[in-house]
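Each chain is listed here by its residues.
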Amino acid sequence: MIKYLVILLPLCTLANNDEGSVSGTVLGYDVALIGANVFLEGTTLGASTDINGMYNIPKIKAGKYVLV
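Here is what the cut-offs are and how they apply
Residues numbered from 1 in each chain as written. Predicted model: local features only at pLDDT ≥ 70, side-chain atom pairs only at ≥ 80, totals over all residues. Heavy atoms only, no water. Helix = DSSP H or I, 4+ residues; strand = E, 2+ residues; numbered from the N terminus. Buried < 20%, exposed > 50% of the residue type's maximum accessible area, 1.4 Å probe, protein only. Contact = heavy atoms within 4.5 Å. Areas by Shrake-Rupley, 256 points an atom, 1.4 Å probe, with all protein chains shown as cover. Patch = residues over 30% accessible without salt bridge, like charges linked within 9 Å, V, L, I, M, F, W, Y side chains within 5 Å. Salt bridge = Lys/Arg side-chain N within 4 Å of Asp/Glu carboxyl O. Core = buried A, V, L, I, M, F, W, Y, C linked by side-chain atoms within 4.5 Å.

**Things to note about the overall build of the protein chain**
Step number 1: Helix and strand counts for the protein chain stand at 1 helix and 6 strands.
Step number 2: Ordered by position from N to C terminus, the α and β elements of the protein chain give α-β-β-β-β-β-β.
Step number 3: When the 68 residues of the protein chain are sorted by exposure, 15% land in the buried category.
Step number 4: Taking all contacts inside the protein chain whose residues are at least 6 apart in sequence as the whole, residues at least 24 apart take part in 48%.
Step number 5: Total accessible area on the protein chain stands at roughly 5600 Å², and carbon and sulfur atoms take up 63% of it.

**Considering a nonpolar patch on the surface**
Step number 1: Nonpolar side chains collect at one region of the surface, where Phe39, Val66 and Val68 lie side by side and expose about 240 Å² of accessible area between them.
Step number 2: Residue position: valine 68 is located in the segment after β6 (54–61).
Step number 3: Judged by relative accessible area, valine 68 falls into the partly exposed class, the value being 42%.

**Notes on the nonpolar core**
Step number 1: Residues Val26, Ala36, Val38, Leu40, Ala47, Tyr55, Ile57 and Ile60 constitute the largest nonpolar core, which totals 8 residues.
Step number 2: By residue number, the principal contributor to this core is β6, which donates 3 residues.
Step number 3: Beyond its immediate stretch of four places on either side in the chain, isoleucine 60 contacts Asp18, Glu19, Gly20, Ser21, Val22, Leu40, Leu45 and Tyr65.

Everything listed here is a matter of coordinates, which is why it stays silent on function.
So this is what it looks like as structure tokens:
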């Protein structure tokens with residue numbers, strides 16, 4: 001029985017993968033904004049932009065969010 005449990009657990013994890021990410025670039029008058037804070041309203045998830053104005057917020061559960 002344990003042999004089957006070990007095989008099935010990874011399959012269940014892959015089948016229930018309901019996470020994603022949000023990424024993008026923050027620009028102001030066509031200039032990248034460095035260090036801008038981007039977050040999902042009502043959560044503790046967020047990121048700061050890098051030197052190119054790019055950000056990435058990983059491991060977001062499926063749903064609707066407001067990006068600020």
